[in-house]
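So you can see what is in the structure, the chains are spelled out below.
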Number of protein chains: 4
Amino acid sequence: MTTAVVGLGYWGPNLLRVLHEQDDVTVRHVCDVDPERLAWAAARYPAVGLTTDIQDLLDDPELDAILLATPVHTHFDLAARTLGAGKHCFVEKPLASSTADADALVELATDTGLTLMCGHTFLYSPAVQTVKRLIDDGELGELYFISSSRVNLGLHQRDASVVWDLAPHDFSILLYWLGENPDWVSAIGRASVVPDVTDIAFIDLSFPSGVLAHVELSWLAPSKLRRTVVVGSEKMVVYDDTSTEPIRVFDAGVTYRDPETFGEYHLSYRTGDIVSPHLDNSEPLALQAADFIASIRSEKPTSANVAVARDVVSLIEATERSLLQRGALRVPAVAGVASVST
Amino acid sequence: MTTAVVGLGYWGPNLLRVLHEQDDVTVRHVCDVDPERLAWAAARYPAVGLTTDIQDLLDDPELDAILLATPVHTHFDLAARTLGAGKHCFVEKPLASSTADADALVELATDTGLTLMCGHTFLYSPAVQTVKRLIDDGELGELYFISSSRVNLGLHQRDASVVWDLAPHDFSILLYWLGENPDWVSAIGRASVVPDVTDIAFIDLSFPSGVLAHVELSWLAPSKLRRTVVVGSEKMVVYDDTSTEPIRVFDAGVTYRDPETFGEYHLSYRTGDIVSPHLDNSEPLALQAADFIASIRSEKPTSANVAVARDVVSLIEATERSLLQRGALRVPAVAGVASVST
Amino acid sequence: MTTAVVGLGYWGPNLLRVLHEQDDVTVRHVCDVDPERLAWAAARYPAVGLTTDIQDLLDDPELDAILLATPVHTHFDLAARTLGAGKHCFVEKPLASSTADADALVELATDTGLTLMCGHTFLYSPAVQTVKRLIDDGELGELYFISSSRVNLGLHQRDASVVWDLAPHDFSILLYWLGENPDWVSAIGRASVVPDVTDIAFIDLSFPSGVLAHVELSWLAPSKLRRTVVVGSEKMVVYDDTSTEPIRVFDAGVTYRDPETFGEYHLSYRTGDIVSPHLDNSEPLALQAADFIASIRSEKPTSANVAVARDVVSLIEATERSLLQRGALRVPAVAGVASVST
Amino acid sequence: MTTAVVGLGYWGPNLLRVLHEQDDVTVRHVCDVDPERLAWAAARYPAVGLTTDIQDLLDDPELDAILLATPVHTHFDLAARTLGAGKHCFVEKPLASSTADADALVELATDTGLTLMCGHTFLYSPAVQTVKRLIDDGELGELYFISSSRVNLGLHQRDASVVWDLAPHDFSILLYWLGENPDWVSAIGRASVVPDVTDIAFIDLSFPSGVLAHVELSWLAPSKLRRTVVVGSEKMVVYDDTSTEPIRVFDAGVTYRDPETFGEYHLSYRTGDIVSPHLDNSEPLALQAADFIASIRSEKPTSANVAVARDVVSLIEATERSLLQRGALRVPAVAGVASVST
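Residues numbered from 1 in each chain as written. Chains lettered and ligands numbered in written order. Predicted model: local features only at pLDDT ≥ 70, side-chain atom pairs only at ≥ 80, totals over all residues.

Student: Mind showing me how you'd approach the sheet that holds strand β4 (residues 65-68) of chain A here?
Tutor: To summarise the sheet geometry, strands pair through backbone hydrogen bonds and adopt either a parallel or an antiparallel arrangement. Residues and elements named next belong to chain A. Reading across the sheet, the six strands line up as β3-β2-β1-β4-β5-β6 and stay open at both edges, with parallel pairing between neighbours. At either end of the open sheet lies a strand with only one pairing partner, and these are β3 (49-51) and β6 (116-119). The mean angle between the axes of side-by-side strands here comes to 20°, regardless of whether they run parallel or antiparallel. Here β4 pairs with strand β5 (residues 88-92) via four bridges, running parallel. When the sheet's bridge partners are listed, Ala65 is paired in β5 with His88. Strand contacts of helix α8 (residues 284-298): β4, β5 and β6, with the helix running at about 175° to β6, the strand carrying the most contacts. (Pairing = 2+ DSSP bridges. Helix = DSSP H or I, 4+ residues; strand = E, 2+ residues; numbered from the N terminus. Axes fitted to C-alpha atoms, helices over the stretch in contact; angles between N-to-C directions. Contact = placed C-beta atoms within 7 Å.)

Student: Please explain the interface of chain A and chain B as it appears in this structure.
Tutor: For an interface, size is often stated in terms of accessible area lost upon the parts coming together. Contacts between the two partners involve 36 residues from chain A, matched on the other side by 36 residues from chain B. For the side of chain A that touches chain B, the secondary-structure elements that each account for two or more residues are β7 (143-151), β8 (184-190), β9 (200-206), β10 (212-218), β11 (225-232), β12 (236-240), β13 (247-257) and β14 (266-276) of chain A. Looking at the side of chain A that touches chain B residue by residue, the classes come out as 24 nonpolar, eight polar and four charged. (Nonpolar A, V, L, I, M, F, W, Y, C, P; charged D, E, K, R; others polar.)

Student: Would you take a moment to explain the packing of helix α7 (residues 162-178) of chain A against helix α9 (residues 304-324) of chain A for this structure?
Tutor: The description of two helices packed together rests on the angle between their axes and the distance between the axes. Residue and element names in this part refer to chain A. Remark: α7 packs on α9, axes separated minimally by 9 Å, with the N-to-C direction vectors making an angle of 125°. One way to sum up the angle between α7 and α9 is to call them oblique. Here the hand of the crossing between α7 and α9 comes out right-handed. Mapping the contact onto sequence places Val163, Trp164, Ala167, Pro168, Phe171, Ser172, Leu175 and Tyr176 in α7 and Val308, Asp311, Val312, Leu315, Ile316, Thr319 and Glu320 in α9. When the residues that make up the contact of α7 with α9 are grouped by side-chain class, the tally is eleven nonpolar, two polar and two charged. (Parallel < 35°, antiparallel > 145°, perpendicular 65-115°, else oblique. Left-handed = near helix turned anticlockwise from the far one by under 90°.)

Student: Any chance you could explain the interface of chain C and chain D here in plain terms?
Tutor: Counting residues at the interface gives 36 residues for chain C, matched by 35 residues for chain D. Every element with two or more residues in the side of chain C that touches chain D is listed here: β7 (143-151), β8 (184-190), β9 (200-206), β10 (212-218), β11 (225-232), β12 (236-240), β13 (247-257) and β14 (266-276) of chain C. With four residues, the top contributor of residues to the side of chain C that touches chain D is β13(C). The residue inventory of the side of chain C that touches chain D, partitioned by class, reads 24 nonpolar, eight polar and four charged.

Student: Looking at this model, I keep getting lost on the domain arrangement of chain A. Mind explaining?
Tutor: Residues and elements named next belong to chain A. Domain annotation for chain A reports domain 1 (2-121 + 285-301) and domain 2 (123-282 + 312-332). Placing a centre on the C-alpha atoms of domain 1 and another on those of domain 2 gives a separation of 30 Å. Only α4 (72-84), α5 (99-112) and α8 provide two or more residues apiece to the side of domain 1 that touches domain 2. The element best represented in the side of domain 1 that touches domain 2 is α8, accounting for four residues. Among the residues forming the side of domain 1 that touches domain 2, the class breakdown is seven nonpolar, six polar and two charged. (Domains from an automatic or database assignment.)

Student: What should I look at first to understand the sheet that holds strand β5 (residues 88-92) of chain D in this one?
Tutor: Residues and elements named next belong to chain D. Read from one edge to the other, the open sheet built from six strands follows the order β3-β2-β1-β4-β5-β6, with strand pairing classed as parallel. For this open sheet the edge positions go to β3 (49-51) and β6 (116-119), each flanked by a neighbour on one side alone. Along the sheet, successive strands turn relative to each other by an average axial angle of 20°, direction set aside. Examined bridge by bridge, strand β2 (residues 26-31) and β3 share three bridges and lie parallel to one another. Pairing of His29 across the sheet is with Gly49, part of β3. Here helix α4 (residues 72-84) sits on the sheet and contacts β1 (2-6), β4 (65-68), β5 and β6; the angle it forms with β5, its principal contact strand, is near 165°.

Student: Would you take a moment to explain the confidence of the model for chain A for this structure?
Tutor: Residue and element names in this part refer to chain A. Here chain A shows a mean pLDDT of 90. Residues at 70 or above account for 91%. A low-confidence stretch, residues 336-342 (pLDDT under 50), is modelled with 17 contacts involving residues beyond four sequence positions or located in other chains. Both scores are given for the predicted complex: the pTM is 0.92, the ipTM 0.91. (pLDDT = per-residue confidence, 0-100.)

Student: Would you explain the pairing of β6(D) in this entry?
Tutor: For a regular strand, side-chain orientation follows a simple rule: the groups alternate between the two sheet faces. Residues and elements named next belong to chain D. Of the two faces of β6, the one holding Leu116 and Cys118 and the one holding Met117 and Gly119 are both buried throughout. Bridging between β5 and β6 involves four bridges; their strand directions are parallel. Bridging from a neighbouring strand, Cys89 pairs with Leu116 of β6. Chirality of the crossover, the property in question, places the unit of β5, helix α5 (residues 99-112) and β6 among those that are right-handed. (Buried ≥ 20, exposed ≤ 12 C-beta atoms within 10 Å, placed from the backbone. Right-handed = clockwise from strand over helix to strand, strands pointing away.)

Student: What should I look at first to understand the relation of the copies chain A and chain B in this one?
Tutor: The two chain copies are connected by a rotation around an axis plus a translation along it. Once turned by 180° and shifted 0.0 Å along the axis, chain A lies on chain B with an RMSD of 0.1 Å. This pairing of chains is accounted for by a two-fold axis. When the interface residues of chain A are mapped onto chain B, 100% of them again fall at the interface, so both copies present the same face. (Least-squares fit on C-alpha atoms with pLDDT ≥ 70 in both.)

And the structure:
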């Protein structure tokens, strides 16, 4: 299997590294418009070919797959050209900059029978998968709400909002955990530093099952916070990606018995042990690369992953529409047929 | 100065304790409908008179002031009778269960020239006052947003929502810090355990100065969290009431220079020292009791405190109205003339 | 049952409070040489008699028991007079300022058949008792070592070292957990601030079972630390008295298999779940007071408690002797017959 | 400048990486006895020559310097051969397995005029250097004591104790900070898992200036702890290498005024702000590599670094001697002339 990486910003070098650790996978090319980035790659990976033109990759008959780690606005064009050239394609998240583009890519992949995959790396995180299992096994009881904060002093981006930058993480995790799309989304935010570039956002999502989700995103925060709380009737989970104990399960809850007499109700509070389950320490990025390779080899061209990736784009679009109205209107969340199946 | 405490639930015993530590202040009575609570008080404070009927207090010509620590729905009636009997009145937060009632109490206090005060204890917290000073001195620069979480597995109340229970803390702090009332409030929540009793709420508030505030309240959370982040252009503050370092000031921010050429902008990030200022360790409840006594002695019948307390009630009402519509409508936040002056 | 409290410094007021919460127990007197402290008690507990002379208590034929919360150097004299007057006696920790005095008190209690008890409150802590159970049940496997830190910027005492002040906590806990006295103790310390008053100490203890214990004590430390680590072959425990999760059990360890061939060995590391068990939130001081009352009522004059209290004094003496030699000599730890039986 | 790396265990690959990032530095060879490790290097750095025999490096007339990242027991032999072949030499810590060997290496470097350097990377850590500056500038006042814990569930090593494994970090930092060698060291430990392999150690060190240091080392601990507390009369510092705020400076202390009358003294406690200074986020390993290259280029053959490295070996030897006697004897700490000059 031969691969190439396009874009050597933040994610490209990481993809390069994990591809080098896959068995029977060769990285034939790296591509970036910046010669300095290419020089960096040459020093680290002297065996890899360099180019500033993705066409060189598309024209290489020996090349099986291209991994795109370029800015969001280029995803659709480059991915469409990759699939059009008959090569499997991995796209960094989010899949595209509009639902229409995302749909077009999914259709193209279906038509060509090529593998299309989106880099929602968190779905390969042992911590995220542990929470998924706790939910599916019913250990949390009835899910009440999920509250997530993803904030720190972060890189403002010229042509994207904090929602396009950070929401793909939380949205993909929520869709994966809940297995359903929200009915609607409502968001309020602020462009604090750069005019018209939203840098903080508070997002509410309401799901058909009754679960309420809240997501706080910010490029302006004093310290890094990656904290998601999942509250169910039986147990509660705190997921903190930055902690040495990323998952903590609290055997705590409230039990409500139906009122025996009119106007009365009975509650009992339960506080039990707290458990930090031992997690596999595999690197999600490596697992993701392995899954991409395996998908190609197994000729399973599309997967649940792409469906989530498409819905994430739709959800971001809905969030941006609500932001424009300062949260005043709830926006139906996911256009088209709900397609999450995990 | 002679005083009496009505209601020996959570706050009453604390008021009893701090009143006993005031100079030249006597507690003549405690009043509760529950004989067991009176017996408890008798064991602890044998010199204090006991009664189950507040009328005994109102009829006592020697009594100067009554402190009410009873359920919210009783505040208006008991406070009105207290002022009507010519006695100074302290009411636990929130001041009343409707804006109309709050307004009536303020008017009654004004008319009688008696001191009326509401137990927004956090306004006496050295930590809260430190943040107020940092804001007023301009050390934080332009304020961007405030995000607050006040959650833990807490006591569900039969006749109140989590908003009536917990929002008085955050709302009073926000009004005190910002010195202005919000333009509107929007809230979404859920009655997870008991039908029609909201136990989680996510509240957005938009202030005239442009500050965006977000408040998360919950009776359903795995661990206690009292965390408020104040983000300004120059510095950021984390206020955590449960920490041994309640205030942490981050010399961190983003500097934006106006674009020199169309479409470009320049940002620089600054990360400097983090300081946990030393705080006075006075007990806010004792300071509050002292201020109530001092207000009576100085014959300053009403204070900024009551204005905040009234606006807090109005803000809770607006929040509840928005909750009823599942956050779909923004509700003008504070009815009547904005009255915060701090 | 009638009681009196002598000494209204730090512990006296707390004893007063928990005695008032015991059923069928009356506090007849408080005694302190400082009239201001007595005035404080009078304001809080008007029904309690006041005196500056302990003889008034000894002469009161109606009085059953005296609780001493006075400086260490007074313990022997006051406790001996209490027992001599035919009254049950509770003494704050440490029991006495020398092993000889401690032995004399134990003998006096035995001879008179009166209850003598020492305020090693930590032995009533649910957290300490949980660790005791984990050890006794074999859940930790073979115990390897215990390392404890008890430090913060603390009150220097005129006539005592940090060892006399803080070691009673750790020493009593160690003797209780291990059920054996150490073979020897070795300590090094420093008198940093006041000449000849040791304010930091590092103490090593070696136990017959092979367990090694280390105790760090300091009045000079930037932040409060109460952290004891218990390491066994199967599990490890972190006990932190200041945490909301005082006990954390780590299912982590090393398994050693006997070498199959000369010079080789095989180790495997195991890292499993971490559990914070739910603990009873009873107040240790109240449990201790109840146990004192129960001991009197059950006419069990002496208990394991006094044996530990006596050995703690002996261990402090040994530590002080080792300190004098700058840790150069290991000092046999507990004079006389090892008497710990828990 | 041409270099080679010997040993591709833990440190070798890191040295390879940072050497590739140095300007005008080429890595000509890597050497390891394990062909799998060489294959790994070949995949990553195809331009680098591979060999299992260090003699190939010694015989290469184009090679300027060799970096040794091999087991401790090989350091002396390989370093002596490197210097003997006229090549500059970098040795991972500790410098050698005996003081005699360390002395011989230092002498050989002096005689040949070649650069000899030891990988005490922590001395290049911005956090360690910040504490050094605080001490030297007198900001901490008179230094009282330093207490350090370096523990976690770690890799047992077949032919080394936890002291040889972990003490080089703490000992090098202590010698660097204090600029003096201890008068004596005393240590107690235990071989808990593997016979005769010490896996926990408690080490006391007494310095001529009066500073007392305590170092706790363990391969058996439930969670990673890297915490060093430096206590002075004016300020105190907590250095935690694993924290996002590695240095915290506490403006806390005790002030002692000379007694005015016999037997009395006056203390006042001061608790002020806590500051986490912003630290340069340079990678210490890269700074160290740069310093090694710069030392060669500037023809400063030996540096303070080697003197510390030699004394660290001497201190480890003294610690091991004290351990053999179960801490019963204090061992003079550093043989020969105290040579630390920083």
